[in-house]
Amino acid sequence: MQHLGIQTRSSARRLFTGNWGHLARILACVAWSLFVNLVDEWLVRPLVQDLAVIGVLLVLLMAWLWVFAIPRPHRRWWVVFSLFSLCACQALASFASLPLGQRVLTAAISMAILAAAARWIGRVALSALLGSMLVLAAANAWLPENLWPLLTHFRVLAVGTFTVDNGNYPVLPLDVVRTQHGEVVLTVTRWPDTRFGSNTDDYLQAVKSGKLPADHLVYQYMQLAPENGRIGARPATAQELAEVQPTELSGALAPFDRSTWAVVGGRVLQYTVRTQSSAGAVDAALQPVQYAPELAELIVQAHQDEWKDWSQALRKAGVAPVAPWRIDNGVLSGKWRGRTVHVRVDAQFVIGSGSFTKPGAHELLLGGSNLLEVVSLAGNRPHVVASLHGSPANPIGEGMQVGPIGTADKDAVFVNASPAYILSFTGDGHARRIYTAPNDDLQFLASIRTAPGAAPEILADDRSAVRSSSTTYLTSYTYRDGQLYRNWRVFESGIENVRQVQFFPGQPPCLVAAVAGSGAYVVLARHFWPLQPALVVAWLLVLAGFMVAGWQQRRRLRWR
């Protein structure tokens, strides 16, 4: 009887140990599936995309070292399971934009095919395959694989997609406004949208009652703001829209299409109307000089009409709009520190504000027909303190970003011409180019300062200096002595409309950016963790572990 009891306890111990051993193997497989995908996203692809043929040779060397470091009896299993993990992760990421039902069905079929192939070729256990699929599906649900490169330099606080027409909005518009609760980001999405409390019946009723025209794309305004420590999306109220500059959320065809508004059920809705015929729009767009007089006049007229319609819509919704800086008949008008300001200018629209001629100055940057002007708001008589006139042979350019350039509290103008360049104004009213891009592909996105007195990071889309491809990637630079010095590069294409916003008081600012062509947005917080170097060290340790295991196996075989 005593012998039987000992035998029973021994069997139970083996069963318990065996279950834990099986669980440990599954967890190791799950960890490996994530590891190989991180190596692919953070090491392999950057080498190929940045160093061209040299990068391909380095990747081939890495693969050769790894494959031949694996003990021969286990080599097929490891290679097949690694390929399964890579294919499964990419397949799951490619299905992320599909509707839920279609996504689940397509993913299930694809995973079944991949699992059958891995089981047949590599004899991989079904438990390892299932565990890997579940973890990779969860990882892609949290953040699609195509955005994993951002994790090397950012924490992803939120990611989502709004429904927009790519013809109207090839890139999701983003505008930072200050409300009574702090800074928020406003954008647009199609209306109606069942996710945000509207449906097709609401649209049909609005058309029937004459509030909306039929066969128009209609958009509602959305707000990205903190909610219980997280960034959430919800419809913006009319009170929150009072601070908005409506032109900041206009579509890609402005000023040939201009926005107008209707109030339906207390919501301010946007749709567009034509301002010019197709032939006239083509003629104006093909003018040889950026902001030619005809185009500049069209922009001014569209802005005036939009402001009139916008003001009427907000008043219908029960709020008074906050008047922006405006230029009417050559006079800049607006409010500054409680007093009304009027300044005669040659420019026709307002680009932005900052400290352009000296640190700490309060100034506005204005644009016109191949013209830039800087207006100082300081003193008793605000006036134009600097100007720049372009020529037909050397136009100024149009797409502009305003931001800090050095450690001093002074701003520069980042002009996305071809090639892009950085423009700085001096204290005596002159303007000079302090940097010109070495290629036509570089486009500036933003200049952000993460801490007071620190050198700002200049974010740009730029291509590899080694490859001949024009594909651009999110790149950080620091300006010093007339040159841009690269800090880091995230191998993610299509990041546009980067905005800096203070979501959480007392914490470093966040970045909100749009992903071109998708209606997607991402909210980022900068971190300084050395994740890529840590992954390199981890890969070397794994390689060394495989080598040691192979050496031990050969040693055991030699002593048999």
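Residues numbered from 1 in each chain as written. Predicted model: local features only at pLDDT ≥ 70, side-chain atom pairs only at ≥ 80, totals over all residues. Heavy atoms only, no water.

### Notes on the pairing of strand 15 (residues 400–404)
Phase 1 of the analysis: Pairing of strand 15 with strand 16 (residues 411–415), which is carried by five bridges, proceeds in the antiparallel orientation. Bridge pairing links Pro404 to Asp411 in strand 16.
Phase 2 of the analysis: Between strand 15 and strand 16, which pair antiparallel and follow one another directly, the connecting turn spans six residues. (Pairing = 2+ DSSP bridges. Helix = DSSP H or I, 4+ residues; strand = E, 2+ residues; numbered from the N terminus.)

### Here's the deal with the sheet that holds strand 20 (residues 457–463)
Phase 1 of the analysis: The four strands lie next to each other as 19-20-21-22, forming an open sheet whose pairing is antiparallel. Because the sheet does not close on itself, it has two edges, and the strands there are strand 19 (443–448) and strand 22 (483–490). Each adjacent strand pair in this sheet contributes to an overall mean axis angle of 35°, direction not counted. (Axes fitted to C-alpha atoms, helices over the stretch in contact; angles between N-to-C directions.)

### Concerning the environment of Asp175
Phase 1 of the analysis: Relative to the helices and strands, Asp175 is located in strand 2 (residues 175–179).
Phase 2 of the analysis: Sequence separation between Asp175 and Leu249 is 74 residues, and the spatial gap between their C-alpha atoms is 7.0 Å.
Phase 3 of the analysis: Sequence-distant contacts of Asp175, that is, excluding residues within four places in its chain, are made with Val184, Val185, Leu186, Val244, Gln245, Glu248 and Leu249. (Contact = heavy atoms within 4.5 Å.)

### Structural notes on the environment of Gly519
Phase 1 of the analysis: Its place among the elements puts Gly519 in the loop between strand 24 (510–515) and strand 25 (520–526).
Phase 2 of the analysis: Along the backbone, Gly519 and Asn166 are 353 residues apart, and their C-alpha atoms lie at a distance of 7.9 Å.
Phase 3 of the analysis: Not counting residues within four places of it along the chain, the set of residues in contact with Gly519 comprises Gly160, Thr161, Phe162, Val164 and Leu172.

### Let's talk about the packing of aromatic side chains
Phase 1 of the analysis: Summed over all chains, the structure comprises 19 aromatic pairs.
Phase 2 of the analysis: Relative to Trp310, the ring of Trp261 lies with its centre 5.0 Å away and its plane at 65°, an arrangement referred to as edge-to-face. With Trp261 in strand 6 (residues 257–264) and Trp310 in helix 8 (residues 293–316), this pair connects stretches of sequence that are 49 residues apart.
Phase 3 of the analysis: Grouped by ring-pair contacts, the aromatic residues Trp32, Phe35, Trp66, Trp77, Trp78, Phe81, Phe84 and Phe546 constitute a single cluster.
Phase 4 of the analysis: The positively charged end of Arg526 is found above the aromatic ring belonging to Phe154, 6.0 Å away from the centroid. (Phe/Tyr/Trp six-rings, centres within 6.5 Å; stacked < 30°, edge-to-face > 60°. Lys NZ or Arg CZ within 6 Å of the ring centre and 35° of its normal.)

### Describing the domain arrangement of the chain
Phase 1 of the analysis: Segmenting the chain into domains produces domain 1 (2–153 + 532–559), domain 2 (175–316) and domain 3 (325–493).
Phase 2 of the analysis: Across the contact, twelve residues belong to domain 1 and eleven residues belong to domain 3.
Phase 3 of the analysis: Taking both sides of the interface into account, the surface hidden between domain 1 and domain 3 amounts to around 1000 Å²; carbon and sulfur atoms contribute 61%.
Phase 4 of the analysis: Counting the surface domain 1 buries against domain 3, the share from its top three residues, Gln49, Asp50 and His153, is 54%.
Phase 5 of the analysis: Counting across the interface, domain 1 meets domain 3 through two salt bridges. (Domains from an automatic or database assignment. Buried area = accessible area lost by both parts, 1.4 Å probe. Salt bridge = Lys/Arg side-chain N within 4 Å of Asp/Glu carboxyl O.)

### Side note on helix 4 (residues 126–142)
Phase 1 of the analysis: For helix 4, spanning 17 residues, the distance from its first C-alpha to its last is 24 Å, which sits close to the expected 24 Å at 1.5 Å a residue.
Phase 2 of the analysis: When helix 4 is considered as a whole, its buried residues turn out to be Ala128, Leu129, Gly131, Ser132, Met133, Leu136, Ala139 and Asn140. (Expected span 1.5 Å × (residues − 1). Buried < 20%, exposed > 50% of the residue type's maximum accessible area, 1.4 Å probe, protein only.)

### Overview of the environment of Val80
Phase 1 of the analysis: Position of Val80 relative to the elements: it lies in helix 2 (residues 75–94).
Phase 2 of the analysis: Distance from Val80 to Asn394, taken between C-alpha atoms, is 58 Å for residues 314 residues apart in sequence.
Phase 3 of the analysis: Non-local contacts of Val80, meaning those with residues more than four positions away in its chain, are made with Ala118, Ile121, Gly122 and Val124.

### A few points about unusual backbone geometry
Phase 1 of the analysis: In this structure, Pro192 follows Trp191 across a cis peptide bond, with omega equal to 5°.
Phase 2 of the analysis: A positive phi is found at Asp215, a non-glycine position, where the angle reads about 60°.
Phase 3 of the analysis: Its place among the elements puts Asp215 in the loop between helix 5 (200–208) and strand 4 (219–227).

### With respect to the confidence of the model for the chain
Phase 1 of the analysis: Residues at a pLDDT of 70 or more form 92% of the chain, whose mean pLDDT is 86.
Phase 2 of the analysis: Scored below 50 in pLDDT, residues 1–17 shows zero contacts in the model against residues more than four places distant or in partner chains. (pLDDT = per-residue confidence, 0-100.)

### Side note on the sheet that holds strand 25
Note: strands within a sheet are paired through backbone hydrogen bonds, in either parallel or antiparallel orientation.
Phase 1 of the analysis: Ordered in space as 1-25-24-23, the four strands form an open sheet in which the pairing is antiparallel. Edge positions in the open sheet fall to strand 1 (154–161) and strand 23 (495–501), since each of these has one partner strand only. In this sheet, adjacent strand axes meet at a mean angle of 20° when their direction is disregarded.
Phase 2 of the analysis: Of the strand pairs in this sheet, strand 24 and strand 25 are connected by five bridges, and their pairing is antiparallel. Across the sheet, residue Ala513 finds its bridge partner in strand 25, namely Val522.

### Thoughts on the pattern of salt bridges
Phase 1 of the analysis: Under the defined criterion, the tally for this structure stands at twelve salt bridges.
Phase 2 of the analysis: Across the salt bridge formed by Arg489 and Asp50, the nearest N and O atoms sit 3.0 Å from each other. Taken together, the residues Arg489 in strand 22 and Asp50 in helix 1 (residues 2–69) connect sequence positions 439 residues apart.
Phase 3 of the analysis: For Asp50, a relative accessible area of 12% gives the class buried.
Phase 4 of the analysis: A salt bridge links Asp309 to Arg258, with the shortest nitrogen-to-oxygen separation between them at 2.9 Å. Of this pair, Asp309 sits in helix 8 while Arg258 sits in strand 6, and the two are 51 residues apart along the sequence.

### Overview of the layout of surface pockets
Phase 1 of the analysis: There is about 620 Å³ of room inside the second largest pocket.
Phase 2 of the analysis: Looking at the second largest pocket, it is lined by 20 residues, and the ones nearest its centre are Ala96, Ser97, Gly160, Thr161 and Ala520.
Phase 3 of the analysis: Counting only elements with at least two residues in the lining of the second largest pocket, the list comes to helix 2, helix 4, strand 1 and strand 25.
Phase 4 of the analysis: Grouping the amino acids of the lining of the second largest pocket by side-chain chemistry returns ten nonpolar, eight polar and two charged. (1 Å grid on protein atoms, 1.4 Å probe; cavity = no way out; pocket = protein on both sides within 12 Å on 5 of 7 lines; lining within 4 Å. Points joined across faces, edges and corners; volume = space filled by probe spheres on them. Nonpolar A, V, L, I, M, F, W, Y, C, P; charged D, E, K, R; others polar.)

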